[in-house]
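Inside the fold
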Amino acid sequence: MLLKSIVAMEILIKIVLILHIIAGNVALISGAIGMISKKGNAVHKRFGKIFFYAMMIITVTALFLSIAKSSEFLLYVGIFVFYQIYSGFKAIKNKSLRHNWLDGIIILAAFINGIAMVASGAIVLMVFGGITFLLMFTEWQVFSAYRKGKEPPRLSWLAKHIGMMTGSYIGAFTAFLVVNIQFQPGWVIWLAPTFVFVPLMQYWTWKFTKKPLKREASS
């Protein structure tokens, strides 16, 4: 009976791993198309949804594999990416950015995960933990604004959508590089996508949120 259970678990792990890999490839392709397509048009929305669901599959399977293989590293990264893809997609559906109870649970889990990543002492996880704290700061700004009876800055939802979706794509692209490219030191591969895509994210945020406000103010 024990042997059968072990074999069944190994088969299940292989199936989940295959699903994880397929979803990863779908996310890489759909995410790239979504980023290069005109923001807000039908192509962007269609492939954005495909990217979201592919990333959800990636994170759920990653969490399962982290438990099955006792991998704390995979667990930390899985929670980190899940928080971003959930928040990025939610920003489109809830442009007020008001938090409900589910948002609160996910944000709390992401915050605890950030502390754990920083405490791990691993360079990559410490960087991801630092990014988590920056994201927590923006969450607090929105929460604090509503507590004071104020509205968050205009187009905050779009800035959050761009930042979180790009962040989750960085996670998928990083995983692809780590699996397929052997390079030393290893942390370079882990952090290279962050250094490449973050400036692009900042540019897109400025172009679609800050630039329109400047144009309106000068008119």
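Our structure's up above, just so we're on the same page.
Okay, so let's go over this structure.

Moving on, we come to empty space enclosed by the protein. Under the counting rule described, the total for this entry stands at 1 cavity of 30 Å³ or more. In this structure, the largest cavity occupies an estimated 110 Å³ of space. Forming the boundary of the largest cavity are 14 residues, of which Ser87, Lys90, His99, Asp103 and Lys160 lie nearest the centre. A breakdown of the residues in the lining of the largest cavity according to their chemical character gives 6 nonpolar, 3 polar and 5 charged.

This next bit is on the packing of aromatic side chains. The geometry of two aromatic rings is summed up by the distance between their centres and the angle between their planes. Per the counting criterion, the structure on display carries 13 aromatic pairs. Relative to Tyr169, the ring of Phe51 lies with its centre 5.9 Å away and its plane at 45°, an arrangement referred to as tilted. With Phe51 in helix H2 (residues 42-68) and Tyr169 in helix H6 (residues 156-180), this pair connects stretches of sequence that are 118 residues apart. Of the two residues, Phe51 and Tyr169, neither departs from the other in class, the shared state being buried. Taking 5.1 Å as the distance between ring centres and 65° as the angle between the ring planes, the aromatic pair formed by Phe52 and Tyr53 counts as edge-to-face. Looking at Phe52, the relative accessible area reads 9%, which means it is buried. Under the relative-accessibility criterion, Tyr53 is labelled exposed at 52%.

A few words now on the layout of surface pockets. Unfilled space is identified by rolling a water-sized probe across the atoms. What the largest pocket holds in volume is close to 950 Å³. Along its surface, the largest pocket is lined by 32 residues, and Leu135, Thr138, Ala159, Lys160 and Gly163 are the ones closest to its centre. The biggest single contributor to the lining of the largest pocket is helix H7 (residues 186-218), with 9 residues. Partitioning the lining of the largest pocket into residue classes produces 17 nonpolar, 11 polar and 4 charged.

The rules behind these values
- Residues numbered from 1 in each chain as written.
- Predicted model: local features only at pLDDT ≥ 70, side-chain atom pairs only at ≥ 80, totals over all residues.
- Heavy atoms only, no water.
- 1 Å grid on protein atoms, 1.4 Å probe; cavity = no way out; pocket = protein on both sides within 12 Å on 5 of 7 lines; lining within 4 Å.
- Points joined across faces, edges and corners; volume = space filled by probe spheres on them.
- Nonpolar A, V, L, I, M, F, W, Y, C, P; charged D, E, K, R; others polar.
- Phe/Tyr/Trp six-rings, centres within 6.5 Å; stacked < 30°, edge-to-face > 60°.
- Helix = DSSP H or I, 4+ residues; strand = E, 2+ residues; numbered from the N terminus.
- Buried < 20%, exposed > 50% of the residue type's maximum accessible area, 1.4 Å probe, protein only.

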